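These are the residues of each chain, in order.
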Amino acid sequence: MAGVGDVFPVDLLPDGLPGSVLLLLLVAALTAGWIDAVVGGGGLVQLPALLLVPGISPVEALATNKLASIFGTTTSAITFQRRVRPDLRTALPMALVALAGSFAGASVAAALPAAVFKPVIVVALVAIAAFTLLRPSLGEVTALRHTGRRHHGVAAALGAGIGFYDGILGPGTGSFLVFAMVSLLGYDFLHASAKAKIVNVATNLGALLFFAPIGAVFWGLGLLMGAANMLGGYLGSRTATTRGSGFIRVVFLVVVTALIGRLGWDVWTENLRPLLG
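Residue indices begin from 1 for each chain and proceed along its sequence in written order. Since the coordinates come from a predicted model, pLDDT governs what is reported: local features require at least 70, and pairs of side-chain atoms require 80 or more to be given and counted, while whole-chain, interface and lining totals use all residues. As a rule here, side-chain values come from all non-hydrogen atoms in the structure, and water together with hydrogens is ignored.

The subject of this paragraph is the packing of helix H4 (residues 88-109) against helix H8 (residues 189-211). The interhelical angle for the contact between H4 and H8, taken along N-to-C directions, is 30°, at an axis separation of 7 Å. Relative to H8, the element H4 lies roughly parallel. Both H4 and H8 take part in a crossing whose hand is right-handed. Every residue of H8 that contacts H4 at Leu 88, Thr 90, Ala 91, Leu 92, Met 94, Ala 95, Ala 98, Leu 99, Ser 102, Phe 103, Ala 106 and Ser 107 is listed here: Lys 195, Ile 198, Val 199, Ala 202, Thr 203, Leu 205, Gly 206, Ala 207, Leu 209, Phe 210 and Phe 211. Polarity classes work like this: nonpolar for Ala, Val, Leu, Ile, Met, Phe, Trp, Tyr, Cys and Pro, charged for Asp, Glu, Lys and Arg, and polar for all others, with Gly in that last group. When the residues that make up the contact of H4 with H8 are grouped by side-chain class, the tally is 17 nonpolar, 5 polar and 1 charged. Helix axes use the C-alpha atoms of the stretch in contact, all axes being lines fitted to C-alpha atoms, and the angles between their N-to-C directions lie in the range 0 to 180 degrees. A run of DSSP states H or I qualifies as a helix once it reaches four residues; a run of E qualifies as a strand once it reaches two. Both are numbered from the N-terminal end. If an angle is under 35 degrees, it is roughly parallel; if it is over 145, roughly antiparallel; if it lies from 65 to 115, roughly perpendicular; otherwise it is oblique. Put simply, a crossing is left-handed when the front helix is turned counterclockwise from the back one by less than a right angle, and right-handed when it is turned clockwise. Here, two residues are considered to be in contact whenever any of their heavy atoms come within 4.5 Å of each other.

With a phi close to 55°, Arg 85 is a non-glycine residue in the positive phi region. Inspection of the secondary structure puts Arg 85 in the loop between helix H3 (58-83) and H4.

The span you would expect from a helix comes to 1.5 Å times its residue count less one. Compared with the 30 Å implied by 1.5 Å per residue over 21 residues, the 31 Å span of helix H6 (residues 148-168) between its first and last C-alpha is a close match. Throughout, exposure labels follow a simple rule: accessible area from a 1.4 Å probe, protein chains only, divided by the maximum for the residue type, with under 20% read as buried, over 50% as exposed, and the rest as partly exposed. Along H6, the positions that sit buried rather than exposed are His 151, Ala 155, Leu 158, Gly 159, Ile 162, Gly 163, Tyr 165, Asp 166, Gly 167 and Ile 168. For H6, the elements touching its buried residues are H3, H4, helix H5 (118-134), helix H7 (173-185) and H8.

In this section: the packing of aromatic side chains. Two rings belonging to Phe, Tyr or Trp (six-membered ring only in the last case) form a pair when the distance between their centres is within 6.5 Å. Interplanar angles under 30 degrees mark stacking, angles over 60 mark edge-to-face geometry, and anything in between is tilted. In the structure shown here, the tally under the stated rule is 7 aromatic pairs. An angle of 85° between the planes, with centres 6.4 Å apart, marks the rings of Trp 34 and Phe 247 as edge-to-face. Of this pair, Trp 34 sits in helix H1 (residues 19-38) while Phe 247 sits in helix H10 (residues 245-276), and the two are 213 residues apart along the sequence. Judged by centre distance (5.8 Å) and plane angle (85°), the rings of Phe 131 and Phe 179 are edge-to-face. With a gap of 48 residues between them, Phe 131 in helix H5 and Phe 179 in helix H7 connect regions that are remote in the sequence. Counting every residue linked through ring pairs, the aromatic cluster contains Phe 131, Phe 179, Phe 189 and Phe 252.

Looking now at H10. The end-to-end C-alpha distance of H10, which contains 32 residues, comes to 43 Å, matching closely the 46 Å that a straight helix rising 1.5 Å per residue would cover. Within H10, the axis deviates most sharply at Trp 268, by approximately 40°. Think of it this way: the bend at a residue is just the angle between two axes, each fitted to seven residues, one set ending at that residue and the other starting at it.

In this analysis, the protein atoms alone were mapped onto a 1 Å grid. Cavities are point sets where a 1.4 Å probe fits without being able to get out; pockets are open sets with protein on both sides within 12 Å along at least five of seven lines; lining residues have an atom within 4 Å of a point. Grid points are joined across faces, edges and corners, and a volume is the space filled by probe spheres set on the points. Under the definition given, this model contains 1 cavity of 30 Å³ or more. Estimates place the volume of the largest cavity at around 110 Å³. At the level of elements, H3, H7 and H8 are the ones that each hand at least two residues to the lining of the largest cavity. Broken down by element, the lining of the largest cavity gets its largest block of residues, 3 residues, from H3. Partitioning the lining of the largest cavity into residue classes produces 1 nonpolar, 11 polar and 3 charged.

With that out of the way, let us pick up the packing of helix H2 (residues 43-50) against H3. Two elements in contact, H2 and H3, have axes whose closest approach is 9 Å; the angle formed by their N-to-C orientations is 135°. Overall, the two elements H2 and H3 adopt an arrangement that is oblique. As H2 runs across H3, the sense of the crossing is right-handed. In contact with Gln 46, Leu 47 and Leu 50 of H2, H3 contributes Ala 61, Leu 62, Thr 64, Asn 65, Ala 68 and Ser 69. Across the contact of H2 with H3, the residue classes tally to 5 nonpolar, 4 polar and no charged.

Here it is, written out as structure tokens:
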């Protein structure tokens, strides 16, 4: 069976990419776009799918994932802006800091294995899920925790930290952003998701600014997946704005639970099983 790379230039697509794998990647990108638009965490679906591509390296998968994701997050951000109109005075400065953090994280990702960070991330996700479950009223309405310079300072610190994480690993970035904006800044889930999309565009761009010059991006594959991701992002953002904060909270808990399972399995296979075996 001929690979997709026999039809498209091999510098745009991985050499010998099977058509069946490309179809799987497009479905994964569509699904990831929907998840990312609602609450973040689309990397849970899209990045593992990219790692199924024969011969692709983890850095190439991460870089191509960023290219595909930026289409969906941009579409979601625009849709949220039209339907929710989030306050850009917090979102835009936070996005600029997050862009720098993501660039820094991507530079580390090129040299440091993600397995080093995964155990810490799993613990953080478990704490987030427990905190959200134990506080049913969390994120129902906006009740800002801080005002003025303190509000923007906390937002900037969150943007830098989560941006760095997105550059170095990625899956769950949107979920971390939503949770941070709900729990530490005091937004409801709907407005937190709207702002998170703007910041997430910047984190994807920041990582791309590092990965593109070193030739880690498969541009043809990323653009094809980006089109599917964009459709998923549009559908997801419309669903989120129609259904509201309660729906987003439920999806948030489902995605965080799935992230715990996915990354927890990685921790077991990469960190714990070798020690016990």
